[in-house]
Amino acid sequence: MIGTLNQSISQNFHFMPKRQLDAYDRRILEALQQNGRLTNVELAEQIGLSPSPCLRRVRLMEEAGVIQGYEARLAPDEVGLGLTVFVGVKVERHHERDADQFRKEVCALPEVVAAHLVSGESDFLLQVVLPDLRAYERFLLTTLLKLPGVKDIRSNFAIQTVKPQSPLPLDHLGH
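Keep in mind that what you see is a predicted model, and the values were worked out from it rather than measured. Here the residue numbering is sequential within each chain, running from 1 through the sequence in written order. Predicted model: local features are reported for residues with pLDDT of at least 70 only, side-chain atom pairs are reported and counted for 80 or more only, and whole-chain, interface and lining totals are derived from all residues. In computing side-chain values, all of the structure's heavy atoms are included and hydrogens and water are not.

A closer look at the packing of aromatic side chains
Next up, step 1: To pair, rings of Phe, Tyr and Trp, with the six-membered ring standing in for Trp, must have centres within 6.5 Å; the planes then decide the type, stacked if under 30 degrees apart, edge-to-face if over 60, and tilted in the middle. This structure, assessed with the given rule, holds 2 aromatic pairs.
Next up, step 2: With a centroid separation of 4.7 Å and an interplanar angle of 45°, the aromatic rings of Phe102 and Phe124 are classed as tilted. One end of the pair, Phe102, is in helix α5 (residues 96-107); the other, Phe124, is in strand β3 (residues 124-130), with 22 residues separating them in the sequence.
Next up, step 3: Burial classes follow relative accessibility: with a 1.4 Å probe on protein chains only, a residue under 20% of its type's maximum area counts as buried, one over 50% as exposed, and anything between as partly exposed. The exposure class assigned to Phe102 is buried, which follows from its relative accessible area of 1%.
Next up, step 4: What makes Phe124 buried here is its relative accessible area of 7%.
Next up, step 5: Here the aromatic rings of Tyr136 and Phe157 are separated by 5.5 Å at their centres, their planes lie at 90°, and the arrangement is edge-to-face. Of this pair, Tyr136 sits in helix α6 (residues 133-142) while Phe157 is found in strand β4 (residues 150-157), placing the two residues 21 residues apart along the sequence.
Next up, step 6: Among the residues examined, Tyr136 registers a relative accessible area of 3% and is labelled buried.
Next up, step 7: Looking at Phe157, the relative accessible area reads 36%, which means it is partly exposed. Per the convention used, a helix needs a DSSP run of H or I reaching at least four residues, while a strand needs a run of E reaching at least two, with both numbered from the N terminus.

So, in structure tokens, the structure goes:
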């Protein structure tokens, strides 16, 4: 099953080779990670390019899938989602069809804000956000345990977020 999922993941994601990203691209990416609402003129000024080549670079990175979108980061507590749970899911390894169905169903759950295929004791690690423990209990019993192929579930509750999701480190791209 894991091989099937890896193949499916590889087919659905296209990676731009690292060598195509230069210092200007890196500066663009760093600036947009800090503030995705920058206008093209502001972005160009900040990274030291004129607006036309800056916009061309941004569009090329969007088309290549390097830039996948622009979104607002919300404070979970402020929108009533005070509970974060990291859920390790172990699945049965029977059919390719089951693997695809599990992946599709997990990706369709709005409570699951991130899902990773992992090695170790679990096959998947899900990050789930909900209002409270009672909501998680309902989600676990009525949704997670009913997903196809689920063999075991282990839940870890976040007590405090020490470092929220942050920009990706780009030092490896060089200057």
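What about the sheet that holds strand β2 (residues 112-117)?
Next up, step 1: A pair of strands is considered paired only if DSSP assigns at least 2 bridges between the two. Reading across the sheet, the 4 strands line up as β2-β3-β1-β4 and stay open at both edges, with antiparallel pairing between neighbours. Strands at the two margins of the open sheet, each flanked by one partner only, are β2 and β4. Averaged over neighbouring strand pairs, the angle between their axes works out to 20° when direction is ignored.
Next up, step 2: The pairing of strand β1 (residues 83-91) with β3 spans 7 bridges and is antiparallel. Following the sheet pairing, Phe86 is matched in β3 by Gln127.
Next up, step 3: Residue contacts are defined here by distance: any two heavy atoms, one from each residue, within 4.5 Å place the two residues in contact. All axes here are fitted lines through C-alpha atoms, helices being fitted over the stretch that makes contact, and every angle between N-to-C directions spans 0 to 180 degrees. Of the strands in this sheet, β1, β2, β3 and β4 touch α6, which is tilted by about 170° from β4.

Considerations on the environment of Gln127
Next up, step 1: Considering the arrangement of structural elements, one finds Gln127 in strand β3.
Next up, step 2: On the basis of relative accessibility, which here comes to 27%, the residue Gln127 falls in the partly exposed class.
Next up, step 3: Once residues within four sequence positions are removed from consideration, Gln127 is found in contact with Thr84, Val85, Phe86, Glu111, Val112, Val113 and Ala114.

A look at the confidence of the model for the protein
Next up, step 1: Overall, the predicted model of the protein reaches an average pLDDT of 88, with 87% of residues at or above 70.
Next up, step 2: You can read pLDDT as the predictor saying how much it trusts each residue, on a scale of 0 to 100. Contacts of residues 4-11 to residues separated by more than four positions or lying in other chains number 11 contacts, the stretch itself having pLDDT below 50.

A closer look at the pattern of salt bridges
Next up, step 1: Salt bridge, as used here: a side-chain nitrogen of Lys or Arg that lies within 4 Å of a carboxyl oxygen of Asp or Glu. With the rule as written, the count across this model stands at 5 salt bridges.
Next up, step 2: Note that Asp25 and Arg57 form a salt bridge whose closest N and O atoms lie 2.9 Å from each other. Of this pair, Asp25 sits in helix α2 (residues 23-34) while Arg57 sits in helix α4 (residues 51-63), and the two are 32 residues apart along the sequence.
Next up, step 3: With relative accessibility at 6%, the residue Asp25 sits in the buried group.
Next up, step 4: For Arg57, a relative accessible area of 21% puts it in the partly exposed group.

Structural notes on the pairing of β3
Next up, step 1: Among the 7 residues of β3, 5 are classified as buried, and the element is accordingly described as predominantly covered.
Next up, step 2: Strand direction decides the pairing type here: β2 and β3, joined by 5 bridges, are antiparallel. Its bridge partner being in β3, Val112 is matched across the sheet by Val128.
Next up, step 3: Connecting β2 to the next strand, β3, in antiparallel fashion are 6 residues, including Gly120 with a positive phi near 115°.

Some details on the side chain of Asp25
Next up, step 1: Side-chain atoms alone can form a polar contact between residues adjacent in sequence; in general such a contact is a pair of N or O atoms within 3.5 Å, and within protein one must be able to donate a hydrogen while the other accepts it. Within the local environment of Asp25, its side chain forms a polar contact with the side chain of Arg57, the two groups lying 2.9 Å apart.
Next up, step 2: Not counting chain neighbours up to four residues away, the residues in contact with Asp25 comprise Gln20, Arg57 and Met61.

Side note on α6
Next up, step 1: Taken as a whole, α6 has its buried residues at Ala135, Tyr136, Phe139 and Leu140. Viewed along the axis of α6, the buried residues span an arc of 135°, placing them on a single side of the element. Projecting away from the buried face of α6 at angles above 90 degrees are the exposed residues Arg134 and Thr142.
Next up, step 2: By the N-cap criterion, in which a side-chain oxygen at the helix start approaches the backbone nitrogen of a residue two or three places on, α6 is capped by Asp132, the distance to Arg134 being 3.3 Å. Of all possible arcs, the one meant is that of the directions from the helix axis to the C-beta atoms.

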